[in-house]
Amino acid sequence: MPASPETLAHADDLADFVAASPSSFHAAAEVARRLSDAGFTPLDERELWSVGPGEKQFVVRDGAILAWVVPEGANPDTPFHIFGAHSDSPAFKLKPKPTTGRAGWLQAGVEIYGGPLLNSWLDRELRLAGRLVLDDGTSVLAATGALLRLPQLAIHLDREANDHLALGKQTQTQPVWGVASTLGDVASADLLAEVAATADVDPARIRGYDLVTADAARGVVFGKDDAFFASGRLDDLASVHAGVVALAQAPLDAPHIAMLAVFDHEEVGSGTRSGAAGPLLEDVLERIQLGLGADREQQLRARAASWCVSSDVGHSVHPNYVEKHDPVVQAVLGSGPILKINANQRYATDAAGAAAWHGWCDAAGVESQEFVSNNAVPCGSTIGPITATRLGIRTVDVGIPILSMHSARELAGTADLVALSRVAAAFFAA
Ligand code: ZN
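Residues numbered from 1 in each chain as written. Predicted model: local features only at pLDDT ≥ 70, side-chain atom pairs only at ≥ 80, totals over all residues. Heavy atoms only, no water.

**Student:** Residues and numbers for the overall build of the chain, please.
**Tutor:** Secondary structure summary: the chain contains ten helices and 20 strands in total. Computed over the C-alpha atoms, the radius of gyration of the chain is 22 Å, within 12% of the 22 Å expected from 2.2 N^0.38 for a compact globule of 430 residues. Oriented by its inertia axes, the alpha-carbon framework of the chain measures out at about 70 × 55 × 40 Å. Within the span of the chain, comprising 430 residues, buried residues form 52% of the whole. Summing over all exposed atoms, the chain offers an accessible surface of approximately 18200 Å²; the carbon and sulfur share of this is 53%. Across the chain, the mean location of the 32 positive side-chain charges is 4 Å away from that of the 52 negative side-chain charges. (Helix = DSSP H or I, 4+ residues; strand = E, 2+ residues; numbered from the N terminus. Rg over C-alpha atoms; globule rule 2.2 N^0.38 Å. Buried < 20%, exposed > 50% of the residue type's maximum accessible area, 1.4 Å probe, protein only. Areas by Shrake-Rupley, 256 points an atom, 1.4 Å probe, with all protein chains shown as cover. Lys, Arg positive; Asp, Glu negative; His and termini not counted. Charge placed at Lys NZ, Arg CZ, Asp CG, Glu CD.)

**Student:** Break down the sheet that holds strand E16 (residues 338-340) for me, with residues and values.
**Tutor:** What the nine strands build is an open sheet, ordered E1-E2-E3-E13-E4-E14-E18-E16-E17; its pairing is mixed. The open sheet has two free edges, formed respectively by strand E1 (41-43) and strand E17 (369-371), since each of these has just one partner strand. Across the sheet, the mean angle from the axis of one strand to that of its neighbour is 25 degrees, orientation sign disregarded. Sheet analysis places strand E3 (residues 64-69) next to strand E13 (residues 257-263), joined by five bridges and oriented antiparallel. (Pairing = 2+ DSSP bridges. Axes fitted to C-alpha atoms, helices over the stretch in contact; angles between N-to-C directions.)

**Student:** Tell me what's going on with the coordination of the zinc ion, and back it up with residues and numbers.
**Tutor:** The zinc ion binds to the protein through His86 (NE2), Asp235 (OD), Asp312 (OD) and Asp312 (OD); the donor distances cover 1.9 to 2.5 Å. Of note is the zinc ion, whose four donor atoms meet at the metal with angles of 55 to 149 degrees in an arrangement that counts as irregular. One chain supplies every donor to the zinc ion, and in sequence these donors are spaced H-x148-D-x76-D. Pair noted here: His86 is in strand E4 (residues 80-86) and Asp312 is in the loop between strand E14 (307-311) and strand E15 (314-315), with a separation of 226 residues, a long-range link. This pair shows no difference in class: His86 is buried, exactly as Asp312 is. (Donors = N, O, S within 2.8 Å, 3.2 Å for Na, K, Ca; no water. Tetrahedral: all angles 85-135°; square planar, octahedral: opposite > 155°, others 65-115°.)

**Student:** Explain helix H10 (residues 414-429) to me, using residue names and the numbers behind them.
**Tutor:** Across its 16 residues, H10 extends 24 Å between first and last C-alpha, which sits within 8% of the 22 Å expected from 1.5 Å per residue. Among the residues of H10, Thr414, Asp416, Leu417, Val418, Ala419, Leu420, Ser421, Val423, Ala424, Ala426, Phe427 and Phe428 are the ones counted as buried. (Expected span 1.5 Å × (residues − 1).)

**Student:** I'd like a description of helix H8 (residues 351-364), backed by residues and values.
**Tutor:** Helix length check: H8, at 14 residues, gives a terminal C-alpha distance of 20 Å against a target of 20 Å (1.5 Å per residue), a fit within 8%. Tucked into the core, H8 has its buried residues touching E4, E14, E16, strand E18 (394-399) and H10. Phi for Gly365, located one or two positions after H8, is positive at around 70 degrees. (Contact = heavy atoms within 4.5 Å.)

**Student:** Kindly report on the state of the cysteines, identifying the contributing residues and their values.
**Tutor:** Summed over all chains, the structure comprises zero disulfides. Residue Cys308 stays outside any disulfide, its sulfur separated by 15 Å from that of Cys361, the closest cysteine. Judged by its relative accessible area of 5%, Cys308 is buried. (Disulfide = S-S within 2.5 Å.)

**Student:** I'd like to hear about the pattern of salt bridges, residue by residue, with values.
**Tutor:** Tallied over the entire structure, the rule returns 21 salt bridges. The shortest N-O distance in the salt bridge between Asp123 and Arg149 comes to 3.5 Å. Taken together, the positions of Asp123 in the loop between strand E6 (105-113) and strand E7 (126-134) and Arg149 in the loop between strand E8 (139-143) and strand E9 (176-179) put the pair 26 residues apart, joining distant regions of the chain. By relative accessible area, which is 31% here, Arg149 ends up partly exposed. Residues participating in the shared-partner salt-bridge network are Asp13, Glu30, Arg33, Arg34 and Asp37. (Salt bridge = Lys/Arg side-chain N within 4 Å of Asp/Glu carboxyl O.)

**Student:** Outline the domain arrangement of the chain, supporting the account with residue identities and numerical values.
**Tutor:** The domains assigned to the chain are domain 1 (5-89 + 232-429) and domain 2 (91-215). The distance between the C-alpha centroids of domain 1 and domain 2 comes to 31 Å. Each side of the interface is counted separately: domain 1 has 20 residues, and domain 2 has 20 residues. Taken together, both faces of the contact between domain 1 and domain 2 bury some 1500 Å²; the carbon and sulfur share is 62%. (Domains from an automatic or database assignment. Buried area = accessible area lost by both parts, 1.4 Å probe.)

**Student:** Kindly report on unusual backbone geometry, identifying the contributing residues and their values.
**Tutor:** In this structure, the amide linkage connecting Asp235 to the following residue, Asp236, adopts the cis form with an omega of 15 degrees. The residue Asp236 is located in helix H5 (residues 234-248) in this model. Of note, the phi angle at Asp200 is positive, near 55 degrees, even though the residue is not glycine. By the secondary structure assignment, Asp200 is in the loop between helix H4 (191-198) and strand E10 (206-215). Its relative accessible area of 77% is what places Asp200 among the exposed residues. Phi is positive for Arg233, which is not a glycine, with a value near 60 degrees. Looking at where Arg233 falls in the secondary structure, it is placed in the loop between strand E12 (228-231) and H5.

The structure is reproduced here in structure tokens:
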């Protein structure tokens, strides 16, 4: 059956969201922009907060954003329903002294951020995006269009390339972004000036930067019955987008505070100021609860009655590598969001969480699938176990099934995108 207009509209909106979010900083800003349009108010961490019943608010910290809806009937022990996701993706990050080059080429000096599938970044037009911090301390977002590329060596120059493609992590990952006809051209080239120009900033004012690469191509729906959606950064912008769409419609009469928690740095372990292992969520929960007049006892009672749905992408069964998956439990693109289960608690899901998840899926009218690893192929982890461990809040790990995880361009099921958003909406309304 062809995809419904609603399914296609959601995927197209996700393509817009990804295009507006080439870095974690851009993703946080795009979430803020969308929520502002939906009537949410920004708060500054350094100011006194006024939080109370009926408020829709958000706070941005670097590449993270937390946003919430306090219901009209909130009191000091109203619990939270938190939908968690992350804003960062594997990429290349600009090093200091980033303008480099050899043999007449201008290149970018980059480090590897997280665990990208390096070969997937070859032969793609790449953007450079992130934040510039200026001499007066202000932070400015900047993003180029297609500017860089990692060109693959021709097959004629490496006849064994199809047998064993391996990239030197330092020597063969430095993208090109121009050619220089003379040594003087190389000396006067300035990659940061190219980035600064996109933000109307004098490059001499840049004192620091966090800039990463992103695939320049837009997300696209394709395949039989529009089954597939391919895009960069589906891990984890598909979850962030599902959460934003759901939170923008969150009702003011729910028995809990609906919250979207988007963390940075999941791909490098979450142990930062804006990551899930840092104090951000705990601090914001406490400030909301203080705003509602909660004492310590009431805060702890509210947390004990709260839920966190941690949403991150998971693995669809791959038809060419079926042996990598559990022989019985196999999620596939397009058959719904997944509930992630792991005996060693790499995912936070337990029996109570599974039961709660199925209830929210039923309320949304959404079919869900389960994911569990092949015993010989250990799975990754995500933000769920970290937030559960830090705060003691009941947590369930979910997501959408994808192929090509950590590729520059990942593959999702079109129908799963809107389905995840519907479950998030049901979770906020439950
Ligand atoms: Zn992820």
